[in-house]
Amino acid sequence: MEALFAVTLGILTASGVYLLLRARTFPVVMGLILLSYAVNLFLFAMGRLQTGMPAVIGRSAEYADPLPQALVLTAIVIGFAMTAFVLVLSLRGLGELNTDHVDGKEPKA
Amino acid sequence: MNHALIMPVLLPMIAGSLLLFAARLSLAQQRLLSVLSTLGLLLVSVWLVRLADGGQLHSYALGNWQAPFGIVLLLDRLSALMLLVTAVLALFAVLYAVRGDDTRGSSFHALFQFQLMGINGAFLTGDLFNLFVFFEILLIASYALLLHGGGGERVRAGIHYVVLNLLGSSLFLIAVGMMYGIAGTLNMADLAVKVAAASPDDAALMGAAGLLLLVVFGLKAAFLPMYFWLPRAYAAASAPVAALFAIMTKIGLYSIMRVYILIYGEQAGSIANLAADWLWPLALLTIVCGVLGALAAVTLQGLLAYLVVVSVGTLLAGIALGTPEALSAALFYLVHSTWITGALFLIVDLISRQRGEKAGRLIQGPALLQPLRLSVLFFIGAIAIAGLPPFSGFLGKLLLLRAVEPGVQALLLWPVLLLGGLLTLVALSRAGSTVLWRTGRDVLGSAEGDSGRTAAAAGLLLMVVLLLPFAAPLLSYMDATAAQLFDLGPYMQLVSAGEPS
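Every value quoted in this text rests on a predicted model; they were computed, and no experiment measured them.

A short note on the overall build of chain B
So, step 1. Helix and strand counts for chain B stand at 20 helices and two strands.
So, step 2. Relative to the globule expectation of 23 Å for 501 residues, the C-alpha radius of gyration of chain B, 22 Å, shows essentially globular dimensions.
So, step 3. By principal-axis analysis of the C-alpha atoms, chain B measures approximately 75 × 60 × 40 Å.
So, step 4. For chain B, buried positions account for 60% of its 501 residues.
So, step 5. By sequence separation, contacts in chain B at least 24 residues apart represent 80% of the contacts at least 6 residues apart.

Set out below in structure tokens:
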């Protein structure tokens, strides 16, 4: 399970970084989203990967660490808001600057 | 537990929420509420400084969950000082904004208050994850403030600023996740204990997480490889926002002080003083790049933005030296540089308003409506920021230069800082003479001279000037702050005692 998880994270991060290095706002936003997925999964895994363990003390002999789950929830909420903001901003940029290039102007050919 | 510790977060939060929901309030009422809240913040900060100056550490357990399980706020001399610096800067910025800049877009005052909430929270938190949360609060408010008033140039600068900071947030979370995965805690004091006791394998991973955090803080503080977003963003922001942003880079520097002195400081075993090797060369190079940028700037605002970079480099050099004397000098310079950059952003805006289309561009323009008044303000500001006597910038730099031990470090720092100061002066004189002396004959019909705005800018400048007569008590406070920061024992006892005081 660890290997699969690690490979998933790696692919997500690599795709995210690749898209982030594009020069258009839409791929950049997609890259940020993929990267935040990878980060959220990574945070979640920091409570160690286990199955069948509730995050509540007393339900079973062993329990999962609830804190990373709380951290992930916070990170998801913040990430969602930020993504919404950056989407609106890039649309605004398209409207104001008439280009979706991240520098706000078309590169000279 | 002392409930005053949470006030700097609660006060702007409540004021901001009121401003957001009470849209029916008239503009005058909104302005009054915003100014009152900022004024209240100033009073609370003064009180907290007096509290912190007792020498004790004060912690506040939110929801009464004890550290390290709950989240704590931590007040020491450093955080109290930063709160006070922020409150003074914010008060003059908001006084400037109420003269009309707040009507260029919607919800200026609500955003301003939320920005203050995030900044104060970042200075007060004793927990790394909460540092992240407060960073996000101040960032999202700053995104909106930067774009406030709209326009192509702001959107262009905003896209870079937002995307870079979102990437920074991702890196922050990765670092925080690694730290939690290894140490099982995110309380800074507890992390310091855990890092000191870490096995060599764990220490290597903790070191990696620490350096990842350095990238994040570097992006916020804007030193060398990560400062390229700053000049465009600061130059594009409206004047009161740019003035408030003078504290933003200092948040990154504050976090560097906190994390690399407390968590990765002397006691951290194999990864002790993790960041020092990186910070020193980066600091000097940042000064060099900032000065070159200032010389090449084509607008007054751009020139000031590069001077922000120079001040970041200077402060970073003080932190990188890692001695109490250097840190104390850096803290004094921090207060000076924050206020003077804020004041100059306001003064330069006053000048730009009387130049019509040419605004802040460094080309020959029309005669100013109030040449004498603005020249005097600009002259005092320029001398202060370049670090010439008789103002506090000179004292800060002098103390920093004297804090270096004779040797290679002194051989590098002295010329860089002194030549940097000289070239800064060249850049400022060129800008000042172009804008204030080489003018046309006629005053522009659209020129506006607003005494309220002038008073706000002059007030902040006066605070900088006052730093010198009050230098003796200030410096003894800074010395005590530096000594407190390097004395890690009390911080670590905060957690082991488990009892919030």
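What to know about the overall build of chain A
So, step 1. Regarding its fold elements, chain A presents three helices and zero strands.
So, step 2. Taken from N to C terminus, the helices and strands of chain A fall in the order α-α-α.
So, step 3. Relative to a compact globule of 109 residues, whose C-alpha radius of gyration would be 13 Å, chain A shows 19 Å and is clearly more extended.
So, step 4. The principal-axis extent of the C-alpha atoms belonging to chain A is close to 65 × 25 × 15 Å.

As for the nonpolar core
So, step 1. Counting residues in hydrophobic clusters, the biggest one holds 233 residues, and the most contacted among them are B:Leu89, B:Met179, B:Leu316, B:Leu346 and B:Ala457.
So, step 2. Of all the elements, helix H14 (residues 324–353) of chain B adds the most residues to this core, at 19 residues.

Some points on the interface of chain A and chain B
So, step 1. Counting residues at the interface gives 27 residues for chain A, matched by 20 residues for chain B.
So, step 2. Per-element tally for the side of chain A that touches chain B: the top contributor is helix H3 (residues 66–97) of chain A, with 15 residues.
So, step 3. Across the side of chain A that touches chain B, the residue classes tally to 19 nonpolar, six polar and two charged.

Quick notes on the packing of H14(B) against helix H16 (residues 392–403) of chain B
The packing of two helices is summarised by the inter-axis angle and the distance between the axes.
Residue and element names in this part refer to chain B.
So, step 1. One can describe the packing of H14 onto H16 by two numbers: an axis separation of 8 Å at closest approach and a directional angle of 160°. Relative to H16, H14 is oriented roughly antiparallel. You can see that H14 and H16 cross each other, and the crossing is left-handed. Contact residues: Glu-325, Ala-326, Ala-329, Ala-330, Phe-332, Tyr-333, His-336 and Ile-340 in H14; Ser-392, Gly-393, Gly-396, Lys-397, Leu-399, Leu-400 and Ala-403 in H16.

Details of the pairing of strand E2 (residues 72–75) of chain B
In summary, the side chains of a regular strand alternate between the two faces of the sheet.
Residue and element names in this part refer to chain B.
So, step 1. Of the two faces of E2, both are covered, the one formed by Val-72 and Leu-74 as well as the one formed by Leu-73 and Leu-75.
So, step 2. Where strand E1 (residues 58–61) meets E2, four bridges bridge the pair, whose relative direction is antiparallel. Its bridge partner being in E2, Tyr-60 is matched across the sheet by Leu-73.

A closer look at H3(A)
So, step 1. Taking 1.5 Å as the rise per residue, H3(A) with 32 residues should run 46 Å; its terminal C-alpha atoms sit 46 Å apart, in good agreement.
So, step 2. Along H3(A), the residues that are buried comprise A:Pro68, A:Leu71, A:Val72, A:Ala75, A:Ile78, A:Gly79, A:Met82, A:Val86, A:Leu89, A:Ser90 and A:Gly93.
So, step 3. Buried-residue contacts for H3(A) involve helix H2 (25–45) of chain A together with helix H5 (128–146) and helix H6 (152–183) of chain B.

Regarding helix H3 (residues 77–97) of chain B
So, step 1. For H3(B), spanning 21 residues, the distance from its first C-alpha to its last is 30 Å, which sits close to the expected 30 Å at 1.5 Å a residue.
So, step 2. The buried fraction of H3(B) amounts to 20 of the 21 residues, a majority that puts the element mostly inside the structure.

Quick notes on unusual backbone geometry
So, step 1. Across the junction of B:Pro389 and B:Pro390, the peptide omega takes the value 10°, indicating a cis bond.
So, step 2. Mapped onto the fold, B:Pro390 is located in the loop between helix H15 (371–386) and H16.
So, step 3. The phi angle at A:Arg48 is positive, at roughly 70°, despite the residue not being glycine.
So, step 4. By the secondary structure assignment, A:Arg48 is in the loop between H2 and H3.
So, step 5. A positive phi angle, close to 65°, is found at B:Ala222, a residue other than glycine.

Conventions we followed
Residues numbered from 1 in each chain as written. Chains lettered and ligands numbered in written order. Predicted model: local features only at pLDDT ≥ 70, side-chain atom pairs only at ≥ 80, totals over all residues. Helix = DSSP H or I, 4+ residues; strand = E, 2+ residues; numbered from the N terminus. Rg over C-alpha atoms; globule rule 2.2 N^0.38 Å. Buried ≥ 20, exposed ≤ 12 C-beta atoms within 10 Å, placed from the backbone. Contact = placed C-beta atoms within 7 Å. Core = buried A, V, L, I, M, F, W, Y, C linked by C-beta atoms within 7 Å. Nonpolar A, V, L, I, M, F, W, Y, C, P; charged D, E, K, R; others polar. Axes fitted to C-alpha atoms, helices over the stretch in contact; angles between N-to-C directions. Parallel < 35°, antiparallel > 145°, perpendicular 65-115°, else oblique. Left-handed = near helix turned anticlockwise from the far one by under 90°. Pairing = 2+ DSSP bridges. Expected span 1.5 Å × (residues − 1).

Everything listed here is a matter of coordinates, which is why it stays silent on function.
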